[in-house]
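So you can see what is in the structure, the chains are spelled out below.
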Amino acid sequence: MQHIQISNAELREAVAAEAPGAFELLAALVARPSLRGSESAAQELMASTMLELGFDVERLAIPDSIGDDDLAGVPAYSYEGRFDVVGRMPHDGGRSLLLNGHIDAVPANEATWSSDPFVPVIRDGWLYGRGAGDMKGGFSMAVLALRALRRLGANAGQRNLSFLSVIEEEYTGNGTLAAVRAGVSADAVVLPEPTNLKILLGGVAITWVRIIIRFGGGHAESSDRIAAPAQVVSTLIGALEHLEEEYNKELKPPFDAIARPYNVNVGVIRLGEWPSSVAAVAELEIRVGHPDDVNDEQVRATVHAIVADALRDTDGPEFEVALHGFKAQAYHLVADHPLVHDVVRAHVDVHGEAPSSELLGSTTDARYYVNQLGVPALCFGPVVRNMHGSNESVELASIEAGALTLARFLLNYFNEGGS
Ligand SMILES: [Zn+2]
């Protein structure tokens, strides 16, 4: 394989020249709300972007049977008409690399935003919008790196590169799992998730649980005599806090590096319709971060016992506790892995300092590569604020900085890995 020499000055100039176009792509992606079930418009934009970069592009259907896979999250929606996009450069047998990003963004409560979450706005060097940080800014960064390399005539160096844009990273991981099952992988994987230009090496086990309690309800004047759903919910929340305390006792490596790795988050509480009825149904959706020696079924059983206990003094309403969405295993790439060294070296080369690496009390799709395929995978991406919250934003300068690192990394990776 030809050895491509490009100086940092040339690389910096090419990234700067391509940056406006990459920011336009970011804005266009934010303007295509890719909430669960409506990812196609944004996916088509990724498909045309990959095509323009010289990738062979495939729209990869996700079979509804993916839900039967042991490693799948529990699907809440059909996958009909929804797809991953995979771009492939022709392979020459040298070592290969996969860029993996997720196009799906999380729901937004528009009332709590300063402006429409799906109308991208740039203020003081930050682009605001749902998904701007997590992780359309990462796509922008990866595309910027690739366009800068193309500008410098370094396309040929990327012949063993694939680029994957998946759905449902935020709900199940089934988009990446379907791609893995379809054979989309490589010798190493980089996910341009928003990591504040740090290297993210791992995440904890996550299980989503839905609790439904059918109280039956009644007139508000009887609330002193029949089961009081609000009190039960309050008791439940206390018990779930206690569960979180339990999970965070006696932390084991590697997650003892995080002050409090396991969070039990009550994300949804639905209770009643109006003030003058005792609520008929209580519904809670919780996201349980937990140690990896506890499996999803054990989490479900524990929550079931907690609910039964909270209902101890009532007349025993019907309830169910079910898994839905995430059933993610913990994962961890060792910090001295050659892939980590390669990204650190590229960052030092272009920025003069080493990025730190970290673990988080959340998860990413990197887990499938590390756990199931034994393929090294890490996340490295832009600087963001308020991911999953209101006024989510990404720092544009960090997209350029990250693209510079990624471009240098790709050059080294393919220069040094030729067959
Ligand atoms: Zn993400």
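See the structure printed just above.
Residues numbered from 1 in each chain as written. Predicted model: local features only at pLDDT ≥ 70, side-chain atom pairs only at ≥ 80, totals over all residues.

Caption draft 1: How the structure looks around the overall build of the protein. Each helix and strand counted, the protein has nine helices and 19 strands in total. A compact globule built from 419 residues would reach a C-alpha radius of gyration of about 22 Å, and the protein, at 23 Å, matches this within 12%. For the protein, the share of sequence-separated contacts (at least 6 apart) that also reach a separation of at least 24 residues comes to 82%. (Helix = DSSP H or I, 4+ residues; strand = E, 2+ residues; numbered from the N terminus. Rg over C-alpha atoms; globule rule 2.2 N^0.38 Å. Contact = placed C-beta atoms within 7 Å.)

Caption draft 2: Seen up close, helix 5 (residues 229–247). The end-to-end C-alpha distance of helix 5 is 27 Å, a good match for the 27 Å that 19 residues give at a rise of 1.5 Å each. Those residues of helix 5 that sit buried are Pro229, Val232, Val233, Leu236, Leu240 and Tyr247. Each buried residue of helix 5 lies within a common arc of 95° when the element is viewed along its axis, so the set occupies one face. For helix 5, the exposed residues set more than 90 degrees away from the buried face come down to Ser234, Gly238, Glu241, His242 and Glu245. Turning to helix 5, the residues buried within the fold contact strand 9 (205–214), strand 11 (264–271), strand 12 (277–278), strand 13 (281–290) and helix 6 (296–310). (Expected span 1.5 Å × (residues − 1). Buried ≥ 20, exposed ≤ 12 C-beta atoms within 10 Å, placed from the backbone. Arc of directions from axis to C-beta.)

Caption draft 3: Quick look at the nonpolar core. Counting 118 residues, the largest nonpolar core has Ala145, Val189, Leu378, Ala403 and Ala407 as its most contacted members. Lining this core are residues from two domains, each supplying at least three of them: domain 1 (8–203 + 331–416) and domain 2 (205–328). With residues up to four places along the chain from it excluded, the contact list for valine 189 reads Leu98, Asn100, Ala366, Tyr369, Val375 and Ala377. (Core = buried A, V, L, I, M, F, W, Y, C linked by C-beta atoms within 7 Å. Domains from an automatic or database assignment.)

Caption draft 4: Molecular detail of the sheet that holds strand 9. Pairing is antiparallel in the open sheet, where four strands are placed in the order 11-13-9-14. The sheet is open, and its two edges are formed by strand 11 and strand 14 (318–328), each paired on a single side. Taking each pair of neighbouring strands and ignoring which way they run, the sheet shows an average axis angle of 15°. Summarising the sheet, strand 9 and strand 13 pair through ten bridges and their orientation is antiparallel. (Pairing = 2+ DSSP bridges. Axes fitted to C-alpha atoms, helices over the stretch in contact; angles between N-to-C directions.)

Caption draft 5: Looking closely at the pairing of strand 9. In terms of burial, strand 9 is a largely internal element, seven of the ten residues being buried. Here strand 9 runs beside strand 14; their pairing, made up of eight bridges, is antiparallel. Its bridge partner lying in strand 14, arginine 210 is registered against alanine 322.

Caption draft 6: The arrangement of the packing of helix 4 (residues 174–181) against helix 8 (residues 366–373) in detail. Where helix 4 meets helix 8, the axes come as close as 9 Å, and the angle between the chain directions of the two elements is 40°. Our classification of the angle between helix 4 and helix 8 gives oblique. The interaxial crossing formed by helix 4 with helix 8 has right-handed handedness. Where helix 4 approaches helix 8, its residues Thr176, Leu177 and Val180 are matched on the opposing element by Tyr368, Gln372 and Leu373. In terms of residue class, the contact of helix 4 with helix 8 is made up of four nonpolar, two polar and no charged. (Parallel < 35°, antiparallel > 145°, perpendicular 65-115°, else oblique. Left-handed = near helix turned anticlockwise from the far one by under 90°. Nonpolar A, V, L, I, M, F, W, Y, C, P; charged D, E, K, R; others polar.)

Caption draft 7: Up close: the packing of helix 1 (residues 8–30) against helix 3 (residues 132–151). Relative to each other, helix 1 and helix 3 sit at 140°, their axes nearing to 8 Å. Here helix 1 and helix 3 pass one another in a crossing that is right-handed. The class makeup of the residues in the contact of helix 1 with helix 3 is 16 nonpolar, three polar and four charged.

Caption draft 8: Up close: the sheet that holds strand 19 (residues 393–395). A sheet is described by the order of its strands in space; here four strands give the open sequence 4-5-19-18, paired in antiparallel fashion. Where the open sheet ends on each side, the last strands, each with one partner, are strand 4 (121–123) and strand 18 (384–385). As paired elements, strand 18 and strand 19 share two bridges and run antiparallel to each other. Each residue of the ladder has a partner; that of valine 384, found in strand 19, is valine 394. Along the sheet face, helix 3 touches strand 5 (126–128), strand 18 and strand 19 and points at about 40° away from the line of strand 19.

Honestly, that's just the spatial picture; any functional story needs more than this.
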